[in-house]
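Close look at the chain arrangement
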Amino acid sequence: MIVSWRRVGYVAVVAVAVAFAVVPLLWMVSTSLKSNREITQDGTLIPDSFTFANYASLFNGREFGAYLTNSIVVTAVSVAIALLFGTHAAYAVARFRLWRGMERYVGLALLVTRIVPPIVIIIPVFLLAQGFGVLNSKLGLIVMYSAFNVSVVVWMMESFFREIPVDLEEAAMVDGDTRFAAFRRIVLPLAAPGLVATGIFAIIVTYNEFLFALVLTSTPAAETMPVGAATLIGRINIDWGAMSAAGVIGALPILLFSALVQKHLVRGLTMGAVK
Amino acid sequence: MVTQVTVAPRGSRRRIFGETGLDSILPYLLLAPTVVLVLAVLVYPLIEGVRTSTGFYRFGRRLRDVGLDNYVQALHDPAFLGSVVTTLEFVAAVVILETALGLALALLCAREVRFVRAVRGSLILPMIVTPVVVGIIFRLIYASDVGLVATLARSVGLAPPEILGRPNAAFAGLVFLDVWEWTPLMFLILLAGIQSLPVEPFEAAKVDGAGAWRTFVDHTLPMLRPTILVAVTLRSIDALTTFDQVYVLTRGGPGTATQLISIYGYQTFFQFQQFGYAAALLIMVALVVIAAAGLAVGLMRRRR
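Just so it is clear, the model here is predicted, and its values are computed rather than measured.

From N to C terminus, chain A includes 14 helices and zero strands. Helices and strands in chain A line up, N terminus first, as α-α-α-α-α-α-α-α-α-α-α-α-α-α. Against the compact-globule benchmark of 19 Å for 275 residues, chain A has a radius of gyration of 23 Å, which places it well outside the compact range. With respect to the principal axes defined by its C-alpha atoms, chain A has extents near 75 × 70 × 35 Å. By the burial criterion, 48% of the 275 residues in chain A qualify as buried. Taking contacts inside chain A between residues at least 6 apart in sequence as the whole, the part at least 24 apart equals 75%.

For chain B, the helix and strand inventory stands at 12 helices and two strands. Along its sequence from the N terminus, chain B presents helices and strands in the succession α-β-β-α-α-α-α-α-α-α-α-α-α-α. Compactness check: chain B gives a C-alpha radius of gyration of 25 Å against a globular reference of 19 Å for 304 residues, more than 25% above the reference. Here the C-alpha coordinates of chain B stretch approximately 80 × 70 × 30 Å along the principal axes. Buried positions account for 39% of the 304 residues belonging to chain B. The long-range share in chain B, meaning contacts at least 24 apart out of those at least 6 apart in sequence, stands at 69%.

Moving on: the interface of chain A and chain B. Counting from both sides, the interface comprises 81 residues of chain A and, opposite them, 84 residues of chain B. Here the side of chain A that touches chain B gets 12 residues from one element, more than from any other, and that element is helix α1 (residues 2-32) of chain A.

Moving on to the nonpolar core. Inside soluble globular proteins, nonpolar side chains tend to come together where they are buried. Counting residues in each nonpolar core, the largest one holds 163 residues, and the members touching the most others are Met144 and Ala246 of chain A together with Ile136, Leu140, Leu281 and Leu282 of chain B. With 16 residues, helix α7 (residues 138-162) of chain A is the largest single contributor of residues to this core. For Met144 of chain A, the contacting residues outside a window of four places in its chain are Val125, Phe212 and Leu216 of chain A together with Val41 of chain B.

All names here are of chain A. Topologically, Val74 is positioned in helix α4 (residues 64-95). Take Val74: there are 26 C-beta atoms within 10 Å of it, and that puts it in the buried class. Taking the C-alpha atoms as reference points, Val74 and Ile121, 47 residues apart in sequence, are found 20 Å from one another. The contacts of Val74, once residues within four sequence positions are left out, are Lys138, Leu141, Ile142, Tyr145 and Thr224.

Thresholds applied
- Residues numbered from 1 in each chain as written.
- Chains lettered and ligands numbered in written order.
- Predicted model: local features only at pLDDT ≥ 70, side-chain atom pairs only at ≥ 80, totals over all residues.
- Helix = DSSP H or I, 4+ residues; strand = E, 2+ residues; numbered from the N terminus.
- Rg over C-alpha atoms; globule rule 2.2 N^0.38 Å.
- Buried ≥ 20, exposed ≤ 12 C-beta atoms within 10 Å, placed from the backbone.
- Contact = placed C-beta atoms within 7 Å.
- Core = buried A, V, L, I, M, F, W, Y, C linked by C-beta atoms within 7 Å.

See below:
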């Protein structure tokens, strides 16, 4: 009897937690599907009659198509660059003895650049971007995000490489591989789980980034989804239907991506904290 | 986690590294792109930022060097000091609440296996949702006329509460938003921590007839301490520079009720164009964050 009461309590708490997490999201979705009349006058929880007019308004006459493209291009390119640069750098510090034992400090130094809050460099970055003429360009954002991500990639991948025994590469090299070929052929595939988790983490963080995108871009030529959504709601203020649709569309790409990589998601999200 | 492989003894790691020829410069070639990128995009701006912080700017132009005057000015700026206090109150509130809730939920889910996947799946959602969108969601919830809170209040016959229009309520609303968004991260970290604890002490405690609370205080909490410390540190560092959600939800208002340091620094820069002063403010924030991180690392080292 006691056991079953405990179970009831458990289920109740779990249900409350799940509802707590999900209801705010559902409210946004529900609002986005109502007509403005229903939102302001009827005060229903669930829409009586569904309408997609709010969504249509984001793409016709507003620039959500452009925001989406910008976000995808900027995220994909910058994460790819960070993974490419970062895995090679991580391999160098994980496996080689460098000048004056520097291999021991590179990872730590990169971590420090991560701990310094990005907002601290926003002012010089803005002034420099202005000087180099990359304000309001995807290129500027890509360079910025590549740098943010690359330090995370090195920090994470170094420990993954360290866990792979050196003997495997030696064996490949005895068989005639060059050092670099051994890295590509043997080490990289073994570190794939780490690469996937790191990549997922970087993609989510980059897609969601707001501050730098807000400061460095100013037109739909380069503005990303979070900036587009934030500036739209700054302008419309009380058009609740459009606002909620913008929220749904803004978050949808990254939620879809997360659903696709579900299996590896938890690791990607808690990386660095638990290993 | 990683495919379980025997880790080579540390000494043997560098057995094959006395290479000659191309291989001797290979590691530097591998490192070069990363180092150049980080130096150019993160380190150089940081140095530039320090230089900016020693200047007096008007209309975006540096007029003269003022040394540390911007820092001195900040220490006498009630708006800045107010934003520091607001930020610290915010960080303290959200970190305490999120740790407590995350720990309670993790303990609950660690013991039971049922539903854990579903719970994890839905709890992950808030932390993935774009922070700007989180701001939108809570505007839709708090809106005094059409928001979820107002709708629910009306349906039970209460007057819809004014949330974003009143200082204390707006601050509480922001804390609630953050708790919604980030308790899941605490939950995930602590759940992983609990699941990696050894089972023997718990079995022993059970044999000794210890109750759930005693077991928690005597065994779980001490063993979980390092994990909790890491989680609290990470969360505090992030919370100190919260920006996106506030920007969308309140822009620091009403008045200065939700004006966190990040918002104040941003406004100083963009609205008032005081580049030097804003840079000084943000560097002071960085120093606090680094000090906090250093302190946490120190604590963790000592404990070991």
